[in-house]
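Structural features, examined
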Amino acid sequence: MYVCGPTTYHYFHIGNARMLVVFDMIRRYLLYKGNEVQFVQNFTDVDDKIIQRAQEAGKDAHDLGQQFIQEYFEDAKALNILPATVHPKATEHVEDMIGIIQGLIAKGLAYQLDGDVYYAVTKFPAYGKLSGRNLEDLQAGARVEIDERKKNPMDFALWKKAKPGEPFWDSPWGAGRPGWHIECTAMSLKYLGPGFDIHGGGADLIFPHHENEIAQTEGYLDGQTFACYWMHNAFLTVQQEKMSKSLGNFFTVREILEHFSGEVIRFYLLGTHYRSPLDFDSEKLTMAQKALERLQTSVRLADEVLQKAENLTAENSPESRILSDAAQVAKADFEKAMDDDFNSSLACAVLFNLAKVINTSLQNEAEATTGLTAARAVLQELGAVLGFDLEHSALATDNDENSQRLDEVMAILLQVRGRIRQKKDWELADLIRDSLKDAGIVIEDTPQGARWKISREGGRA
Ligand code: AMP
Ligand code: ZN
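Small disclaimer: the values here were computed from a predicted structure and weren't measured. (Residues numbered from 1 in each chain as written. Chains lettered and ligands numbered in written order. Predicted model: local features only at pLDDT ≥ 70, side-chain atom pairs only at ≥ 80, totals over all residues. Heavy atoms only, no water.)

Around ligand 1, the surrounding shell holds 19 residues, and the nearest of these are T7, G202, D204, L236 and M243. A distance of 2.8 Å is found between a nitrogen atom of ligand 1 and a backbone nitrogen or oxygen belonging to L236. Elements supplying a minimum of two residues to the shell around ligand 1: α1 (14–32) and β7 (196–202). With three residues, α1 is the largest single contributor of residues to the shell around ligand 1. (Near = heavy atom within 4 Å. Polar contact = N/O pair within 3.5 Å; in protein donor to acceptor, adjacent residues only side chain to side chain. Helix = DSSP H or I, 4+ residues; strand = E, 2+ residues; numbered from the N terminus.)

Right, let's get into the sheet that holds strand β5 (residues 156–161). With antiparallel pairing, four strands are arranged side by side in an open sheet as β3-β4-β5-β6. Either end of the sheet is taken by a strand with one partner, and the two such strands are β3 (110–113) and β6 (176–178). The sheet shows a mean angle of 20° between the axes of neighbouring strands, taken without regard to direction. Sitting on the sheet, helix α4 (residues 94–106) touches β3, β4 (116–119), β5 and β6, and the angle it makes with β5 is about 120°. (Pairing = 2+ DSSP bridges. Axes fitted to C-alpha atoms, helices over the stretch in contact; angles between N-to-C directions. Contact = heavy atoms within 4.5 Å.)

This part is about the domain arrangement of the protein chain. Split into domains, the protein chain comes out as domain 1 (2–256), domain 2 (283–385) and domain 3 (400–454). For domain 1 and domain 3, the distance between their C-alpha centres works out to 52 Å. (Domains from an automatic or database assignment.)

Turning to the pattern of salt bridges, a few remarks are in order. Where side chains of opposite charge bring their charged atoms close, a pairing between them can arise. Scanning the model with the defined rule gives 27 salt bridges in all. Of the charged contacts, one joins R177 and D48 as a salt bridge, the two residues approaching to 2.7 Å between their closest N and O atoms. With R177 in strand β6 and D48 in helix α2 (residues 48–57), this pair connects stretches of sequence that are 129 residues apart. For D48, a relative accessible area of 42% translates into the label partly exposed. Among the salt bridges present, the one from E304 reaches R300, with a minimum N-O distance of 3.8 Å. Taken as a pair, E304 and R300 lie in helix α10 (residues 282–308) at a separation of four residues, close to a single helical turn. (Salt bridge = Lys/Arg side-chain N within 4 Å of Asp/Glu carboxyl O. Buried < 20%, exposed > 50% of the residue type's maximum accessible area, 1.4 Å probe, protein only.)

Quick look at the structure:
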């Protein structure tokens, strides 16, 4: 798979995150089905916007690009996005791009103009095949300010002559830098070769970016197929308008992480099929948090029952069979949903159905049966296919290490409080509960023992 990654001049926003989470989900499902996946995702670390941003901030354009590559990895980790097999950077592949541009000129598909190089779209008869557009219509719609020197208004830059103060590389056409589209041709051919399986990105890339990538690559390869399947996620919008850095209507993942964990953001994004538009709504994030907590609670409560039991009992009980049947059905339904164009939204609904069967069984004072073990295992396994860790709470917005430590400390504290209650020192037990409440941690005493959660309403949390 090759996925067009971010332009690194800013923290990525939740619209970019939709693309990242969607293709990570697709990759994870392909892995679950037993495929080997080579996943290439580039960084566009040289570009007009990076240069402009660096100039405004009085920074070096290259340093700015590298800084936001580092920031990318931090936020991607919070969203539980697997690192790509390769994360090639445009700035490290300029030589490869120059080689391809030379090949295109030699084939008569590109031409030089005072230090710039353009692709001649009329020389590629299939131009428009991905987006369903044709050259005549495109030309008719082209804007007047188009560079007069070009042979056709739709011809696009492969190489741009250096302007003063901009980063540049030496080339056969003089100092300059590559155009945007050529980087994906160079990097996908280098790491995957021609005819790879899936090429992905957001729907905004269909035209002109992916159309131009096809013209370059298939032109360069004398008509060989570039990518077998093209997949595009729909936009994340704000009041029906595409969220984008240039419009300024965006929320960065970094900002949202102050209020919600990365896993909750991920859950929210996967709750809608990737080809359906999704309008940003922070209340839906709160709902996603509650929904994810429900799944995590099911796993935790099942664990409490299973961990207490010395061995599994009532293996052939009707209750056990209900659970193991539900586990089997869930697995089949989950795969059916995902096999139908990666319907993660339906796949999430399958997880809820299974969690409901587990919860009903637990309410009936479930015993530790093989059925419960199976249902709990399938719930956790399928959750992980979508990139969710159902064994831990999604509430913590802190780093993983701290939340793990909190889990451990709370387990100790609840054990001590349990002993105090056994000794019927209610006053001390209540003091612990009330003090924790003031600190934003709520304790609930249940027949299965005490549980805790972080309260969003009261306390300091
Ligand atoms: P950019 O940093 O703008 O080059 O975008 C990086 C990736 O995010 C590309 O694959 C875009 O198609 C995708 N993308 C950008 N904005 C959105 C959005 N609002 N919704 C979904 N995907 C987006
Ligand atoms: Zn690309």
